[in-house]
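Remarks on the overall topology
As a plain string of letters, each chain reads:
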Amino acid sequence: MRKKILIVVNVDWFFMSHRLLIAKKAIKENYEVHLATHITLNKNIIEAHGIIVHSLPISRSSTNPFSIINYCFYLSGILRKVNPDLLHLVTIKPVIFGGLLARIQKIPSVIYAISGMGYLFISKNFLDKILKNIVLLAYRIIFNHTNSLVICQNPSDLNLVFKKSSYALDRAILIPGSGVELNRYSKENIIFENPNQTVVMFASRLLKDKGIYEFIQAAEFIKKECKDLNSEIIFVLVGDIDIENRASVNMDEVNKWEERGLIQYWGYSDRIDKMLYMADIFVLPSYREGMPKILLEASACSLPIITTDVPGCRDAVIPNETGLIVPPRDSRALSLAISELLRNHQKAILLGQNARKHAEKNFDVNLVAKKHIDIYKFLDSKVS
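Residues numbered from 1 in each chain as written. Predicted model: local features only at pLDDT ≥ 70, side-chain atom pairs only at ≥ 80, totals over all residues. Heavy atoms only, no water.

For helix α8 (residues 212-225), built from 14 residues, the straight-helix expectation of 20 Å at 1.5 Å per residue is met to within 8% by its first-to-last C-alpha distance of 20 Å. Burial in α8 covers these residues: I212, E214, F215, I216, A218, A219 and I222. (Helix = DSSP H or I, 4+ residues; strand = E, 2+ residues; numbered from the N terminus. Expected span 1.5 Å × (residues − 1). Buried < 20%, exposed > 50% of the residue type's maximum accessible area, 1.4 Å probe, protein only.)

This brings us to the packing of aromatic side chains. Per the stated rule, a full pass over the model turns up eight aromatic pairs. Look at Y31 and Y376: their rings are 5.9 Å apart centre to centre, the planes differ by 70°, and that puts the pair in the edge-to-face class. Note that Y31 is positioned in the loop between α2 (20-28) and β2 (32-38) and Y376 in helix α15 (residues 365-383), a separation of 345 residues in sequence. We classify Y31 as buried; its relative accessible area is 6%. Summarising the aromatic geometry, the rings of F202 and F215 are spaced 5.5 Å apart at their centres and angled 40° between planes, so their arrangement reads as tilted. (Phe/Tyr/Trp six-rings, centres within 6.5 Å; stacked < 30°, edge-to-face > 60°.)

What follows deals with the side chain of D280. The topology assignment puts D280 in the loop between α10 (272-276) and β11 (281-284). Buried D280, no salt bridge; nearest opposite-charge side chain is K223, N-O distance 13 Å. Polar side-chain contacts of D280 include one of 2.6 Å to the backbone nitrogen of F192. Here V199 takes part through its backbone nitrogen, which lies 2.8 Å from a polar atom of the side chain of D280. (Lys, Arg positive; Asp, Glu negative; His and termini not counted. Salt bridge = Lys/Arg side-chain N within 4 Å of Asp/Glu carboxyl O. Polar contact = N/O pair within 3.5 Å; in protein donor to acceptor, adjacent residues only side chain to side chain.)

Next up on the list: the nonpolar core. In terms of nonpolar packing, the biggest core is built from 65 residues, with I263, F282, I306 and I338 touching the most fellow members. Apart from residues no more than four positions distant in its own chain, I338 is found in contact with V200, A218, I222, F235, I281, V283 and I306. Grouped together as the second largest cluster of nonpolar side chains are 35 residues, L101, Y112, V150 and L158 included. (Core = buried A, V, L, I, M, F, W, Y, C linked by side-chain atoms within 4.5 Å. Contact = heavy atoms within 4.5 Å.)

In this section: helix α9 (residues 251-259). A distance of 3.1 Å separates the backbone nitrogen of D252 from a side-chain oxygen at the start of α9, and that oxygen is part of N250. Residue G261 follows α9 closely and has a positive phi angle near 80°.

This part takes up a nonpolar patch on the surface. A grouping of L100, L137 and I141 is seen on the molecular surface, where their side chains present a nonpolar patch of about 250 Å² in accessible area. You can see L100 is positioned in helix α5 (residues 92-105). (Patch = residues over 30% accessible without salt bridge, like charges linked within 9 Å, V, L, I, M, F, W, Y side chains within 5 Å. Areas by Shrake-Rupley, 256 points an atom, 1.4 Å probe, with all protein chains shown as cover.)

Burial analysis of strand β1 (residues 4-11) places seven of its eight residues in the buried class, which makes it a mostly covered element. In this structure, β1 lies alongside β2, joined through six bridges in parallel fashion. For V11, the partnering residue across the bridge sits in β2 and is H38. With four bridges joining them, β1 and strand β4 (residues 86-90) adopt parallel strand pairing. Among the inter-strand pairings, I7 is bridged to a residue of β4, identified as H88. (Pairing = 2+ DSSP bridges.)

As structure tokens, this is what we get:
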């Protein structure tokens, strides 16, 4: 009889970009794969891969008690209906509430995938600090499931889990991100091909904690102070407004930046590989991450990367070998790093070439998928 896996993810587009290939690999390994998620536009696409989809209403940013109760009610019903052998929970809300329900309903095996500690762990707001402590307390409770594993994407998050939840070292594993399909990105990508124009790209959800304001400030500085550069420097935003996220910028701000000539807004793209080929330098000045997939994709595209010295970001690059690392929330340091690569194309090209080699060795999605299947089988073996 086929074993059932239920993956719980906040929203379907995140599953599509970060977990779909793992689910497809599980189906090939004769697992019956179910997905509980908030449906936007991707249900038919997901089901076409043989995955059974269950609609799970959720507001990713809401802490309203009624919203949480409603979420738990629906998720509890899905758990009873599917009766999974293994529950794979991804991101904070599914991990906490799915983890509690797994204890109550005695799900045989559970994976808690910590994709990053999120907005709560960088916010200085008093209420957010309280919520952070509640989250850590919840981790201590739910991680006591006897047949479970925690997956973290960077060492900082892994250490925090150990420190705050007293989790056993042999029940946690480090997997650096969700991987990238290397065959979608040519290692022969040529940067600085246009002598008259250089593209510096930021691609992500347009959130304050992704460092978008620092990127804009760096663009303003370089356009004012680096007029001696031979080519026109174009700063590009690629990504969407995230109305459910408290840290999201709004469209009025983006329009004003465009009107001032600081950036070009290229909107959202579901083919980020094609967008990245139009860049010469990639920048993500985030405040904290799990393991940002966009940095793995930029590496696969042989782009030189500039990012910040924070969990997740610093783990995706090798300093001065595949990219440059600057302090977070420091637009001046970011400006200087961008200027350095604008003036030294040879160094930028070498960083990009090294980034591709690093991606081939560490970020191949097939390696990531295999690790997940090995975990599934390991937990199964402890039940049967």
